[in-house]
Amino acid sequence: ALVETVSNLHERGAVHAGIDPRHVVYPTETRRPHLDNVGLLDVYRRYADPAILLDPRYAPPEYFDDRYGVVDRTTDVYALGAVLYRLLTGEPPHEGDPAAVREAVLTEPFPRPSSAVAVPDAVDRVVARATATDKFERYESAASLGRDLRNLREVVED
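Residues numbered from 1 in each chain as written. Predicted model: local features only at pLDDT ≥ 70, side-chain atom pairs only at ≥ 80, totals over all residues. Heavy atoms only, no water.

Caption draft 1: Just the layout of surface pockets, in detail. Estimates place the volume of the largest pocket at around 640 Å³. Tallying contributions element by element places helix H7 (residues 142–157) first for the lining of the largest pocket, with seven residues. (1 Å grid on protein atoms, 1.4 Å probe; cavity = no way out; pocket = protein on both sides within 12 Å on 5 of 7 lines; lining within 4 Å. Points joined across faces, edges and corners; volume = space filled by probe spheres on them. Helix = DSSP H or I, 4+ residues; strand = E, 2+ residues; numbered from the N terminus.)

What follows is the structure, given as structure tokens:
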């Protein structure tokens, strides 16, 4: 449902640019996740430390270094993969102070969920593709990630 929410946001030409677990909210009147601070993080990061609003443990490489590209839809895909990692393992993908997290994001492969919990290899592949350091290796859209997650759910449920 969260991926669908982000996909709908992208279809309307907007990018959240700062998804982390704190920005996923569940209003009492609906069971569907909503996102707060839509589109504000990219603007904010130009004037202040984005860690004030974005947990750096869920941030993609392009947040820390412009050589990795601009903030765009694939930035949201990375963050969705990082949040998915948290949902699967109960832990954030990176730990430490902001400098250590930055270094890990820029130099280390994203951790595989199977390193923390028992999951099928296909889960690792989906998370790895969503959180690829190279933006051209990531899902190009939240909708593409959503299709693979639905397919994965069908495989796991069988």
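Caption draft 2: Inspection of the nonpolar core at higher detail. Residues Ile19, Leu80 and Leu145 are the most contacted members of the largest nonpolar core, which totals 28 residues. For this core, the element with the most residues is helix H4 (residues 73–89), which contributes eight residues. Membership of the second largest hydrophobic core comes to five residues, among which are Ala17, Ala59, Tyr63 and Val71. (Core = buried A, V, L, I, M, F, W, Y, C linked by side-chain atoms within 4.5 Å. Buried < 20%, exposed > 50% of the residue type's maximum accessible area, 1.4 Å probe, protein only.)

Caption draft 3: Structural detail: empty space enclosed by the protein. Enumeration according to the criterion identifies one cavity of 30 Å³ or more in this entry. The space that makes up the largest cavity amounts to roughly 30 Å³. Lining the largest cavity, in full, are Ala17, Gly18, Ile19, Leu54, Tyr58, Pro60, Tyr63, Thr75, Asp76 and Ala79. For the lining of the largest cavity, the element with the highest residue contribution is H4, accounting for three residues. Per-class residue counts for the lining of the largest cavity are seven nonpolar, two polar and one charged. (Nonpolar A, V, L, I, M, F, W, Y, C, P; charged D, E, K, R; others polar.)

Caption draft 4: How the structure looks around the packing of H4 against helix H6 (residues 121–130). The contact between H4 and H6 brings their axes to 7 Å, and the two run at 145 degrees. Contact with H4, carried on its side by Val77, Tyr78, Gly81, Leu84 and Leu88, involves Val123, Val127 and Ala130 of H6 and no other residues of that element. Residue classes in the contact of H4 with H6 are distributed as seven nonpolar, one polar and no charged. (Axes fitted to C-alpha atoms, helices over the stretch in contact; angles between N-to-C directions. Contact = heavy atoms within 4.5 Å.)

Caption draft 5: Representation of the pattern of salt bridges. What the rule picks out here adds up to seven salt bridges. Across the pair Arg57 and Glu95 runs a salt bridge whose closest N-O atoms are separated by 3.7 Å. With a gap of 38 residues between them, Arg57 in the loop between helix H2 (40–44) and helix H3 (61–64) and Glu95 in the loop between H4 and helix H5 (98–107) connect regions that are remote in the sequence. The shortest N-O distance in the salt bridge between Asp148 and Arg129 comes to 4.0 Å. (Salt bridge = Lys/Arg side-chain N within 4 Å of Asp/Glu carboxyl O.)

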